[in-house]
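The primary structure of each chain is shown beneath.
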Amino acid sequence: MNEQDFILEPYNKAIENGSYTWQSPSNIALVKYWGKKESQIPENPSISFTLDACKTTTTLRFKKKIKGDIFSFDIFLDGKKQDDFKPKIETFFKRIEVYLPFLKDYHFIIETSNSFPHSSGIASSASGMSALALCLMSIERESTPEMTERYFNQKASFLARLGSGSACRSIEGDLVVWGNHKEIKGSSDLFGIKYPYKVHKNFKNYQDTILLVDKGEKQVSSTVGHNLMHNHPFAQERFKQANNNLSKLIDPLKAGDLKAFIEIVESEALSLHAMMMTSLPYFILMKPNTLEIINKIWNFRQQTASNVCFTLDAGANVHVLYPEQEAEQAMKFIQNELVAHCQNGYYICDRIGFGAKQTQ
Ligand code: DP6
């Protein structure tokens, strides 16, 4: 598939108005995307677990208007008009207009809500942009009834990527690869694909307890962070490392080797933050409590046979990952030792999910 395949013939069915609702989850990367080229093309491939509880619900209402030169839309978060989101949506619409030529034919009302705090470091851009892309694809599918499920999902992922890179990994589950990788069949820089190889039962229903260390707005946005990988002294090595880590993950995923999995996942998280600390300008998104939690996880693993491990996104929060069969022991540890390091004791129990769902 290339970009041209996502441009359809003019539709012959005109739709006056309507509305669609999609629920789309967040995802947590195991091998991280950090650094991109023009048009949201990643510098290296990434792989993520799709989440289940952390999600965005978006209703898109649309009504035909006289075609003009501007995108016409209003956006509401939890029922409140959110004009500060408009520039991001405007940029998204501009990028995808060539693939969805109907965008200027309608006035849109976008109503969105998240199951988690906005800008908590949980990727609301991933769930939000994927939910919006799916609603838009539902309109296109209505005009193109012969569209296959596969095309629908691929194009939804392709469009979501143009809104926010990691969003392209939120359409399906439970493990998704985005970015061309020589050992992963069907992988593409343009959209996410379901991980195509065998996954051991140890990784089924994997748990992710998200510890909210700092719920504040991020000091540095992901977009700024990605850009700092241009001319970064370690960029090329980092992109190589991510490719190698994805190669190295294939066997442990197949064999259920939790120790090997942990080593790759934790190393990826720390490498991501190492890139932030060594860019110019340099910055640190971890907080003292992030490090307290990491150290407690390491101590706990040393003292017990636990396979609890951590990963981090571009923020201070910690995703604590563990197999389902260790859930009871892990939750006790989290409650007794880790929750004290969360802001207002706030954490979210999540697990691997299977992707977005249309609800209306
Ligand atoms: C650290 O997808 O938020 O979470 O494409 O600029 O919207 P943009 O960036 P975004 O970056 C996410 C980076 C990350 C790692 C990952 O999810 O792979």
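About the cut-offs
Residues numbered from 1 in each chain as written. Predicted model: local features only at pLDDT ≥ 70, side-chain atom pairs only at ≥ 80, totals over all residues. Heavy atoms only, no water. Buried < 20%, exposed > 50% of the residue type's maximum accessible area, 1.4 Å probe, protein only. Helix = DSSP H or I, 4+ residues; strand = E, 2+ residues; numbered from the N terminus. Pairing = 2+ DSSP bridges. Near = heavy atom within 4 Å. Polar contact = N/O pair within 3.5 Å; in protein donor to acceptor, adjacent residues only side chain to side chain. Areas by Shrake-Rupley, 256 points an atom, 1.4 Å probe, with all protein chains shown as cover. Nonpolar A, V, L, I, M, F, W, Y, C, P; charged D, E, K, R; others polar. Domains from an automatic or database assignment. Arc of directions from axis to C-beta. Contact = heavy atoms within 4.5 Å. Disulfide = S-S within 2.5 Å. Salt bridge = Lys/Arg side-chain N within 4 Å of Asp/Glu carboxyl O.

Trainee: What's the story with the pairing of strand S5 (residues 72-77) in this structure? I'm lost.
Mentor: Residues in a regular strand project their side chains so that they alternate between the two faces of the sheet. Within S5, 5 of the 6 residues are buried, which leaves the element mostly enclosed by the surrounding structure. Relative to strand S7 (residues 106-114), S5 is paired through 6 bridges, and the arrangement is parallel. Paired with Ile75 across the two strands is Ile110, which belongs to S7. Bridge analysis of S5 against strand S6 (residues 80-81) gives 2 bridges, and the strand direction is antiparallel. Across the sheet, Phe76 pairs through a bridge with Lys81, a residue of S6.

Trainee: Quick question: what am I supposed to make of the site of the ligand here?
Mentor: Taken together, the neighbourhood of the ligand is formed by 17 residues, with Tyr33, Ser164, Gly165, Ser166 and Arg169 sitting nearest. Gly165 is positioned with one of its backbone polar atoms (N or O) 2.7 Å from an oxygen atom of the ligand. In the environment of the ligand, an oxygen atom lies 3.0 Å from a nitrogen or oxygen atom belonging to the side chain of His226. Protein chains shield 94% of the accessible area of the ligand, which is 460 Å² for the free molecule. Considering only residue class, the shell around the ligand consists of 5 nonpolar, 8 polar and 4 charged. Two domains each put at least three residues into the shell around the ligand: domain 1 (3-197) and domain 2 (204-351).

Trainee: How should I be thinking about helix H8 (residues 327-338) in this particular structure?
Mentor: Owing to its 3.6 residues per turn, the α-helix brings residues three or four apart onto one side. Three or more residues of H8 are buried, namely Ala330, Met331, Phe333, Ile334 and Leu338. Here the buried residues of H8 occupy an arc of 160 degrees about the axis, which is enough to place them on one side. Facing away from the buried side of H8, by more than 90 degrees, are the exposed residues Glu328, Lys332 and Asn336. On its buried face, H8 is in contact with strand S10 (207-211), helix H7 (288-303), strand S12 (318-322) and strand S13 (347-351).

Trainee: Is there a simple way to think about the state of the cysteines in this case?
Mentor: By definition, a disulfide links the sulfur atoms of two cysteine residues through a covalent bond. By the definition in use, this model includes 0 disulfides. The structure places no disulfide on Cys349, whose sulfur is separated from the nearest cysteine sulfur, that of Cys54, by 10 Å.

Trainee: Explain the pattern of salt bridges here, please?
Mentor: Any two side chains of opposite charge can pair if their charged atoms end up close together. Scanning all chains against the criterion turns up 15 salt bridges. Between Asp313 and Lys32 there is a salt bridge, with the nearest N and O atoms lying 3.8 Å from each other. Of this pair, Asp313 sits in the loop between strand S11 (309-312) and S12 while Lys32 sits in the loop between strand S1 (17-31) and strand S2 (36-37), and the two are 281 residues apart along the sequence. For the pair shown, Asp313 and Lys32 are each scored as buried. A salt bridge links Arg238 to Glu268; its shortest N-O distance comes to 2.7 Å. Note that Arg238 is positioned in helix H5 (residues 235-255) and Glu268 in helix H6 (residues 258-277), a separation of 30 residues in sequence. One exposure class covers both Arg238 and Glu268, and it is buried. Overlapping salt bridges, with partners in common, bring together Asp74, Lys81, Asp83 and Lys86 in one network.

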